[in-house]
Amino acid sequence: MSLLTIRDLTISHNKQNILNNINLKLNTAEIIGIAGGSGSGKSTLLNSILHLLPQDFNIQGEIHWQNKNLYDLKAKQLTHIYGKEIAFISQNPQTFFCPVRTIKSQFIETISAHQKITADKIITQALDIFAKIGLNDGKNILNAYPFMLSGGMNQRINIALTMMLKPQLLIADEPTSALDVMSQAKVLQELLLMKQKLNTSILFVTHNLKVLAKIADKIIIMHQGKIIEQNPTEILLANPQEDYTKKLLQAVITLKK
Ligand SMILES: Nc1ncnc2c1ncn2[C@@H]1O[C@H](COP(=O)(O)OP(=O)(O)O)[C@@H](O)[C@H]1O
Ligand SMILES: [Mg+2]
């Protein structure tokens, strides 16, 4: 059984379709990469899985989490799923953390809401993950307020917190776009380890196919609210079918020169 199944999902706003007839299946311990240009609907797709769409969006179709339709569930059931089973790395880490509370207090509050664990253990685990993703000086980071840290640091702290929640599904919207190449490689390495060690499934959105080449089992290409092509990573990269996919690939190759 697939972990997440999206059937005939169409999302519109003011009678304009933002997503058109999306179908997608994600298995346990599978990483699906979603690529596409700006405005192609990538964030809308992720937000629909997370119940984060604006109220005035019209949603048709089904999103099944295991055997439950996410849009049939009550708020209380959703609270249990989000954070514990499905966790999110936001495109805007600045909006994720409360700016005026220390990182440490937010880690302790969030993790202990979902796991039976002592504050000391949370701190030890956080310092360990910080070091792995290139956040040195972890003790100072834990005592800092988010507004004192750069966007890239906040992003990696968000990634560390999400990893500690050990979700079955991790949803990541452009999680490494703001990072330098070294930090990016470290984060990708840790995401791969999560898949290998914890069987975490990941939906990873980016406009950078080079990133997906490193971690994705399968790549989906979106254009104007539609899935226009999907294939296992090696096949898609070696033998793109659509002109739009070829253009995206060409952009990566040009950047490399
Ligand atoms: N809150 C919103 N209200 C109205 N239109 C929106 C909103 N959010 C996104 N859209 C529209 O939906 C389309 C897809 O946006 P988005 O999902 O953010 O694309 P991507 O993440 O691929 O850049 C865009 O045309 C955008 O203008
Ligand atoms: Mg987006």
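Quick note: structure is the one above.
Residues numbered from 1 in each chain as written. Chains lettered and ligands numbered in written order. Predicted model: local features only at pLDDT ≥ 70, side-chain atom pairs only at ≥ 80, totals over all residues. Heavy atoms only, no water.

K.L.:
Help me understand the site of ligand 1, please; the structure alone is not making it clear to me.
P.N.:
Neighbouring ligand 1 are the residues His13, Ile18, Gly37, Ser38, Gly39, Ser40, Gly41, Lys42, Ser43, Thr44, Pro54 and Phe57. At a separation of 2.9 Å, an oxygen atom of ligand 1 approaches a polar side-chain atom of lysine 42. Serine 43 places a side-chain nitrogen or oxygen 2.9 Å from an oxygen atom of ligand 1. Taking 560 Å² as the accessible area of ligand 1 by itself, protein coverage stands at 57%. Here the element with the most residues in the shell around ligand 1 is helix 1 (residues 42-49); it accounts for three residues. Broken down by class, the residue content of the shell around ligand 1 amounts to three nonpolar, eight polar and one charged. (Near = heavy atom within 4 Å. Polar contact = N/O pair within 3.5 Å; in protein donor to acceptor, adjacent residues only side chain to side chain. Areas by Shrake-Rupley, 256 points an atom, 1.4 Å probe, with all protein chains shown as cover. Helix = DSSP H or I, 4+ residues; strand = E, 2+ residues; numbered from the N terminus. Nonpolar A, V, L, I, M, F, W, Y, C, P; charged D, E, K, R; others polar.)

K.L.:
Just to check I follow, could you spell out the pairing of strand 7 (residues 169-173) for this structure?
P.N.:
Consecutive side chains of a regular strand alternate in pointing toward one face of the sheet and then the other. Counting buried positions along strand 7 gives five out of five residues, so the element sits mostly inside the fold. Both faces of strand 7 are covered, namely the face carrying Leu169, Ile171 and Asp173 and the face carrying Leu170 and Ala172. Sheet topology places strand 7 next to strand 8 (residues 201-205); five bridges connect them, and they run parallel. The residue of strand 8 that forms the bridge with leucine 170 is isoleucine 202. Chirality of the crossover, the property in question, places the unit of strand 7, helix 7 (residues 181-198) and strand 8 among those that are right-handed. (Buried < 20%, exposed > 50% of the residue type's maximum accessible area, 1.4 Å probe, protein only. Pairing = 2+ DSSP bridges. Right-handed = clockwise from strand over helix to strand, strands pointing away.)

K.L.:
Where do I start with the packing of helix 4 (residues 119-132) against helix 6 (residues 151-164) in this structure?
P.N.:
Describing two packed helices takes the angle between their axes plus the distance from one axis to the other. At a minimum axis distance of 10 Å, the contact between helix 4 and helix 6 shows a crossing angle of 125°. The pairing of helix 4 with helix 6 is recorded here as oblique in orientation. Where helix 4 crosses over helix 6, the two elements pack in a sense that is right-handed. Between helix 4, through Ile122, Gln125, Ala126, Ile129 and Phe130, and helix 6, the contact on the second element is made entirely by Ile157, Ala160, Met163 and Met164. (Axes fitted to C-alpha atoms, helices over the stretch in contact; angles between N-to-C directions. Parallel < 35°, antiparallel > 145°, perpendicular 65-115°, else oblique. Left-handed = near helix turned anticlockwise from the far one by under 90°. Contact = heavy atoms within 4.5 Å.)

K.L.:
Just checking my understanding: could you explain the pairing of strand 3 (residues 31-36) for this structure?
P.N.:
Counted residue by residue, strand 3 has six buried out of six residues, so it is predominantly covered. Here strand 3 shows no split at all, with Ile31, Gly33 and Ala35 on one side and Ile32, Ile34 and Gly36 on the other all buried. Bridge analysis of strand 3 against strand 8 gives four bridges, and the strand direction is parallel. Of the residues in strand 8, the one forming a bridge with isoleucine 31 is isoleucine 202. As defined by bridge partners, strand 3 adjoins strand 9 (residues 218-223) across five bridges and the pair is classed as parallel. Looking at strand 9, one finds that isoleucine 34 is bridged to isoleucine 220.

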